[in-house]
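Spelled out, the chains give:
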Amino acid sequence: MYLSIDFNSDEAIYIQVRNQIILGIATAEIKEGDNLPSVRELADNIGINMHTVNKAYTILKQEGYVKLDRRKGAVVALDYDKIAAIEELKGRMRMILAQAICKNISCEEIHAVMDEILNEFSAFDS
């Protein structure tokens, strides 16, 4: 698993780690049941503090993307409430769409962007 961290980004490193793991799951680069690298291994590979990786893994666990096991480490195990996930998606999308409308992006352009992004994810069933 390869993660690219932008140390000059305003986005916190643990969020970048979290986001890249979620993208890896969505694109099927990382599959359910796969073990993620140990906290120490990932921290050493990226050149970041172990606590930063631990924080990312903890958030991924809280969000239902991984299970943490003392023997196996972090294992991709998707556990979600679909109704709650849809409501969360609506909330996030509402603001993104409001921003797009304020920037005069048309409905057709929004749909085209959504289709383009969805096509990046091999797990997406069209």
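No experiment lies behind these values; they were computed from the predicted model shown.

A. Region of the structure containing the packing of helix α2 (residues 39–46) against helix α3 (residues 50–62). Contact pair α2 / α3: the axes reach a minimum separation of 8 Å and the direction vectors enclose 120 degrees. Judged by the angle between their axes, α2 and α3 are oblique. Handedness of the α2/α3 crossing: right-handed. Of the residues in α3, those touching α2 at V39, R40, L42 and A43 are M50, V53, N54 and Y57.

B. Local environment of the nonpolar core. Within the largest apolar cluster, 19 residues are counted, with the highest numbers of intra-cluster contacts made by V17, I21, L36, L42, I46 and Y57. Of all the secondary-structure elements, those providing two or more residues to this core are α1 (13–26), α2, α3 and β2 (73–76). Leaving out residues up to four positions away in the same chain, L36 has contacts with M1, I21, I30, Y57, V66, A74 and V76.

Rules and cut-offs
Residues numbered from 1 in each chain as written. Predicted model: local features only at pLDDT ≥ 70, side-chain atom pairs only at ≥ 80, totals over all residues. Heavy atoms only, no water. Axes fitted to C-alpha atoms, helices over the stretch in contact; angles between N-to-C directions. Helix = DSSP H or I, 4+ residues; strand = E, 2+ residues; numbered from the N terminus. Parallel < 35°, antiparallel > 145°, perpendicular 65-115°, else oblique. Left-handed = near helix turned anticlockwise from the far one by under 90°. Contact = heavy atoms within 4.5 Å. Core = buried A, V, L, I, M, F, W, Y, C linked by side-chain atoms within 4.5 Å. Buried < 20%, exposed > 50% of the residue type's maximum accessible area, 1.4 Å probe, protein only.

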